[in-house]
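Okay, here's what each chain looks like letter by letter:
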Amino acid sequence: QMQLVESGGDSVQAGGSLRLSCAASGATNWRGCMAWFRQGLGKEREGVAAIYSGGGSTYYGDSVKGRFTVSQDEAKNTVYLQMNSLKPEDSATYYCAAGPYMPCYLVGSRYKYWGQGTQVTVSS
């Protein structure tokens, strides 16, 4: 059973940056997809970014390409989401997820483990 704990959410002004972290535990030598999803108030869940833990291939949602970067530190079992040029529409609860299926499509049903989420608020 894998546990995921997100951190790094905050309130920032438009144009600012944040880095979210997702610490994974409970699954030694796990290989699969680690992803970030988000859900804004009154909105559907949206896939943001994903990375394959075995080789580093990355995937991004269209709305964040060129602004967000997903990365991992395998030694720390941690995945990061660097968010730059933030916009008010990026405001949401951001969730970390883990799943075994390649490719790392940003589809929620492909992910088995989920964190509790961290809040990001971007003001104009």
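Structure: see above.
None of the values given here were measured: they were computed from a predicted structure.

Novice: Whenever I open this one, the pattern of salt bridges confuses me. Can you help?
Specialist: Pairs can form between side chains of opposite charge once their charged atoms are near each other. Throughout the structure, instances matching the rule amount to five salt bridges. Of the charged contacts, one joins glutamate 46 and arginine 38 as a salt bridge, the two residues approaching to 2.9 Å between their closest N and O atoms. Owing to a relative accessible area of 28%, glutamate 46 belongs among the partly exposed residues under this scheme. Note on arginine 38: relative accessible area 5%, which makes it buried.

Novice: Mind showing me how you'd approach the nonpolar core here?
Specialist: One recurring pattern in soluble globular proteins is that nonpolar side chains are buried together. Counting 26 residues, the largest nonpolar core has Leu4, Met34, Trp36, Leu81, Met83 and Tyr94 as the members making the most contacts within it. Not counting residues within four places of it along the chain, the set of residues in contact with methionine 83 comprises Gly16, Ser17, Leu18, Leu20, Arg67, Phe68, Tyr94 and Val120. Formed by seven residues, the second largest nonpolar core is a distinct cluster that contains Ala35, Phe37, Ala50 and Ala97.

Novice: What is the right way to look at the pairing of strand E5 (residues 46–52) in this model?
Specialist: For a regular strand, side chains alternate in direction, first toward one face of the sheet and then toward the other. Counting buried positions over the seven residues of E5 gives five, a clear majority of the element. Inspection of the sheet shows strand E4 (residues 33–39) paired to E5 by six bridges, in the antiparallel sense. Paired with phenylalanine 37 across the bridge in E5 is glycine 47. Counting the residues that bridge the hairpin from E4 to E5 gives six residues, and of these glycine 42 lies at a positive phi of roughly 75 degrees. Sheet topology note: the E5/strand E6 (residues 58–60) ladder contains three bridges and is antiparallel. Bridged to alanine 49 within E6 is tyrosine 60. Hairpin geometry of E5 and E6 is characterised by an intervening segment of five residues between the two adjacent antiparallel strands and by a positive phi of about 90 degrees at glycine 56.

Novice: When you look at the state of the cysteines in this model, what are you seeing that I'm missing?
Specialist: Simply put, disulfide is the name for a covalent bond between the sulfur atoms of two cysteines. The tally for this structure, following the rule as stated, stands at two disulfides. Sulfur-sulfur distance for the disulfide between cysteine 22 and cysteine 96 comes to 2.0 Å. Taking the sign of the S-S torsion, -75 degrees for the link of cysteine 22 and cysteine 96, the bridge is left-handed. Of this pair, cysteine 22 sits in strand E3 (residues 18–25) while cysteine 96 is found in strand E9 (residues 92–99), placing the two residues 74 residues apart along the sequence. Both residues of the pair, cysteine 22 and cysteine 96, belong to the buried class. Cysteine 33 shares a disulfide with cysteine 104; S-S distance 2.0 Å. Handedness of the cysteine 33-cysteine 104 disulfide follows from its S-S torsion of about -85 degrees: it is left-handed. One end of the pair, cysteine 33, is in strand E4; the other, cysteine 104, is in the loop between E9 and strand E10 (113–114), with 71 residues separating them in the sequence. The pair formed by cysteine 33 and cysteine 104 is uniform in burial state, with each residue classed as buried.

Here is what the cut-offs are and how they apply
- Residues numbered from 1 in each chain as written.
- Predicted model: local features only at pLDDT ≥ 70, side-chain atom pairs only at ≥ 80, totals over all residues.
- Heavy atoms only, no water.
- Salt bridge = Lys/Arg side-chain N within 4 Å of Asp/Glu carboxyl O.
- Buried < 20%, exposed > 50% of the residue type's maximum accessible area, 1.4 Å probe, protein only.
- Core = buried A, V, L, I, M, F, W, Y, C linked by side-chain atoms within 4.5 Å.
- Contact = heavy atoms within 4.5 Å.
- Helix = DSSP H or I, 4+ residues; strand = E, 2+ residues; numbered from the N terminus.
- Pairing = 2+ DSSP bridges.
- Disulfide = S-S within 2.5 Å.

Honestly, that's just the spatial picture; any functional story needs more than this.
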